[in-house]
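A structural walkthrough
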Amino acid sequence: MTEGSWPDPKIQACPIYEPGLPIETVARDLGLEPSKIVKLASNENPLGPSPRAMEAVVGTLNRLHDYPDGGTWRFRELLGEKLGLDPLQILPGNGSNEILEMLATAYLKPGENAVFGEYGFVVYRLATLHAKAEMRVAPMPNLAHDLSILRKQIDDQTRIVFLASPNNPTGDSLKAEEIIEFARSLPEHVLFCFDEAYAEYATNPVDLRPLIAEGRRIVCVRTFSKIHGLAGLRVGYAYSNPEVIANLQRVRQPFNVSSVAQAGAIGALKDEEHQRKTRELNLESLDYLERSMLDLGVWVRRSEANFVLLEVSSGADCFDALLREGVIVRPLGGYGLPRHIRVSTGTMEQNRLFVDLFTRWLEAKS
Ligand SMILES: Cc1ncc(COP(=O)(O)O)c(C=O)c1O
């Protein structure tokens, strides 16, 4: 075996996913209590988990010796009722990231390609590389998807198009009509993966279920990490036609969603009050953050999700300065956006603290 060729150089070249800094690490480095650290870096829910989810999780603890329901039946039935779909059209995963990986495993092979925007969610890139397939990266002028540009990247070897709206990290959204027209325009050999991580926050969400019912190759992906406040449990799901779901079933790990995660997600799904409160706080936060940035003369993109994108000359400097004060935001150098940061919405108290510290940083810099 030639040295340096094991494992496959394509795997050796894969970047390692860099998460937002964990609260515990920052607290330790700064010598602060973890409760003093404010994390606005990973688009989590500042209200915490749904209380009904927490109760349901506790209820599973005396059964941890049993394997989970490997078919996630109760969970899929409930999701099916909520979405008006058959449980055979739904597949839960260990976070929606796992679903994205399953899609790449099932639908991509070397020589084929996946298409996505240059500032698309990083896992599209990683999943494509793990499948040893090619990436066709579409430019995003003005940091926004342009579907005609995305469409031009598609060729005979394209098997998946990944698209999120709202997109993370740029916060751009497309109109429902545009997405539907795009989905209808795709050739038969392409599976359209529509990532709806932030769908529950959107005022005018896109509904692709009618197109799925027509038999189009579309898979929608959702997560419990955002509005449901369960990022730590790792639950997401795909819905599509039964054929696509059966292919994902073929490549998934047995028991990929733990019993604790299934119970928590079921509890959260029933907790409409928590979702409503989260949505209300998020709108108030977006209004406040947008207005504050405009007052400061800072370029801001308000999203239809739970974060804003800011242009700050040096994202790394801004990140470091805020970090020293115990506020974690997300610099976007890794996305090729060294001048930008992404700030998740927090509680109003956290938002105010961020704006105060950010204003001080701007003043010190000028
Ligand atoms: C667009 C998008 N898709 C997928 C995910 C992954 O979410 P999960 O926690 O369910 O893996 C995220 C998380 O930030 C996201 O922003």
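Note that this is a predicted model, so its numbers are computed, not measured.

1. Here's the deal with the overall build of the chain
From N to C terminus, the chain includes 14 helices and 13 strands. The globule rule puts the C-alpha radius of gyration for 366 residues at 21 Å, and the 21 Å found for the chain is close to it. Seen along its three principal axes, the alpha-carbon backbone of the chain occupies a region of about 55 × 50 × 50 Å. Of all 366 residues assigned to the chain, the portion counted as buried reaches 45%.

2. Describing the domain arrangement of the chain
Segmenting the chain into domains produces domain 1 (9–36 + 273–365) and domain 2 (51–270). Counting residues at the interface gives 22 residues for domain 1 and 21 residues for domain 2. Of all the secondary structure elements, the ones that give two or more residues to the side of domain 1 that touches domain 2 are helix H12 (272–296), strand E10 (307–311), strand E12 (330–332) and strand E13 (337–344). Sorting elements by how many residues they give to the side of domain 1 that touches domain 2 places H12 first, with five residues.

3. Points about the pairing of strand E6 (residues 191–195)
For E6, the tally of buried residues reaches five of five residues, placing the bulk of the element in the interior. In E6, alternate side chains face the same way, and those of Leu191, Cys193 and Asp195 on one face and Phe192 and Phe194 on the other are all buried. Relative to E6, strand E5 (residues 158–164) runs parallel, the two sharing five bridges. Residue isoleucine 160 lies in a different strand from E6, and its bridge partner there is leucine 191. Taken together, E5, helix H8 (residues 176–185) and E6 constitute a β-α-β crossover, and its handedness is right-handed.

4. Observations regarding the nonpolar core
The biggest cluster of nonpolar side chains holds 96 residues, and the ones touching the most others in it are Leu103, Val161, Cys193, Ala238 and Ala265. For this core, the two domains that each supply at least three residues are domain 1 (9–36 + 273–365) and domain 2 (51–270). With residues near it in sequence (within four places) discarded, leucine 103 still touches Ala127, Ile160, Cys193, Val219 and Leu248.

5. Side note on the site of the ligand
With respect to spatial proximity, 13 residues lie near the ligand, and among them Gly95, Asn97, Asn168, Thr223 and Ser225 are the closest. Grouping the constituent residues of the shell around the ligand by class yields four nonpolar, eight polar and one charged.

6. A look at the sheet that holds E6
Taking strand neighbours across the sheet as the criterion, the seven strands line up as E2-E8-E7-E6-E5-E3-E4 in an open arrangement whose pairing is mixed. Both edges of this open sheet fall to strand E2 (90–93) and strand E4 (134–138), since each of them pairs with a single strand only. Each neighbouring strand pair of the sheet contributes to a mean axis angle of 20°, computed without reference to strand direction. Sheet topology places strand E3 (residues 113–117) next to E4; five bridges connect them, and they run parallel. From the neighbouring strand, glycine 117 faces E4, where its bridge partner is alanine 138. On top of the sheet, helix H10 (residues 242–251) reaches E2, E6, strand E7 (218–223) and strand E8 (236–239); it is set at about 30° to E2, its chief contact.

7. Some details on the packing of helix H13 (residues 315–324) against helix H14 (residues 348–365)
With their axes 10 Å apart at the nearest point, H13 and H14 run at an angle of 125° to one another. Between H13 and H14, the interaxial angle falls into the category oblique. Like other packed secondary-structure pairs, H13 and H14 cross with a definite hand, here right-handed. Across the interface between the two elements, Cys318, Ala321 and Leu322 from H13 touch Leu357, Phe358 and Trp361 from H14.

8. Quick word on the sheet that holds strand E9 (residues 300–302)
Ordered by their spatial adjacency, four strands build an open sheet running E9-E10-E13-E12, and the pairing between neighbours is antiparallel. Because the sheet does not close on itself, it has two edges, and the strands there are E9 and E12. Pairwise comparison of adjacent strand axes, ignoring direction, gives a mean angle of 25° for this sheet. The sheet contact formed by E12 and E13 spans three bridges and is antiparallel. The residue of E13 that forms the bridge with leucine 332 is leucine 337. Lying on the sheet, H12 is in contact with E9, E10 and E13; it crosses E9 at an angle near 160°. Relative to the sheet, H13 contacts E12 and E13, its axis offset from that of E13 by approximately 40°.

9. Thoughts on the environment of alanine 199
The residue alanine 199 is located in the loop between E6 and helix H9 (209–213) in this model. Excluding its chain neighbours within four sequence positions, the residues that come into contact with alanine 199 are Pro205 and Arg222.

10. Side note on the pairing of E13
Pairing analysis gives five bridges linking E10 to E13, with the strands arranged antiparallel. Residue pairing across strands places leucine 309 opposite arginine 342, the latter belonging to E13.

11. Quick look at unusual backbone geometry
Of note, the bond from tryptophan 6 into proline 7 is cis; its omega dihedral lies within 30 degrees of zero at 0°. Relative to the assigned elements, proline 7 resides in the segment before helix H1 (9–12). With omega at 0°, the peptide bond leading from serine 165 into proline 166 counts as cis. Summarising the element assignment, proline 166 is placed in the loop between E5 and H8. A positive phi is found at threonine 72, a non-glycine position, where the angle reads about 45°. Positioned with a positive phi, arginine 234 is a non-glycine residue whose angle comes to about 65°. Structurally, the position occupied by arginine 234 is in the loop between E7 and E8.

Rules and cut-offs
Residues numbered from 1 in each chain as written. Predicted model: local features only at pLDDT ≥ 70, side-chain atom pairs only at ≥ 80, totals over all residues. Helix = DSSP H or I, 4+ residues; strand = E, 2+ residues; numbered from the N terminus. Rg over C-alpha atoms; globule rule 2.2 N^0.38 Å. Buried ≥ 20, exposed ≤ 12 C-beta atoms within 10 Å, placed from the backbone. Domains from an automatic or database assignment. Contact = placed C-beta atoms within 7 Å. Pairing = 2+ DSSP bridges. Right-handed = clockwise from strand over helix to strand, strands pointing away. Core = buried A, V, L, I, M, F, W, Y, C linked by C-beta atoms within 7 Å. Near = placed C-beta within 6 Å. Nonpolar A, V, L, I, M, F, W, Y, C, P; charged D, E, K, R; others polar. Axes fitted to C-alpha atoms, helices over the stretch in contact; angles between N-to-C directions. Parallel < 35°, antiparallel > 145°, perpendicular 65-115°, else oblique. Left-handed = near helix turned anticlockwise from the far one by under 90°.

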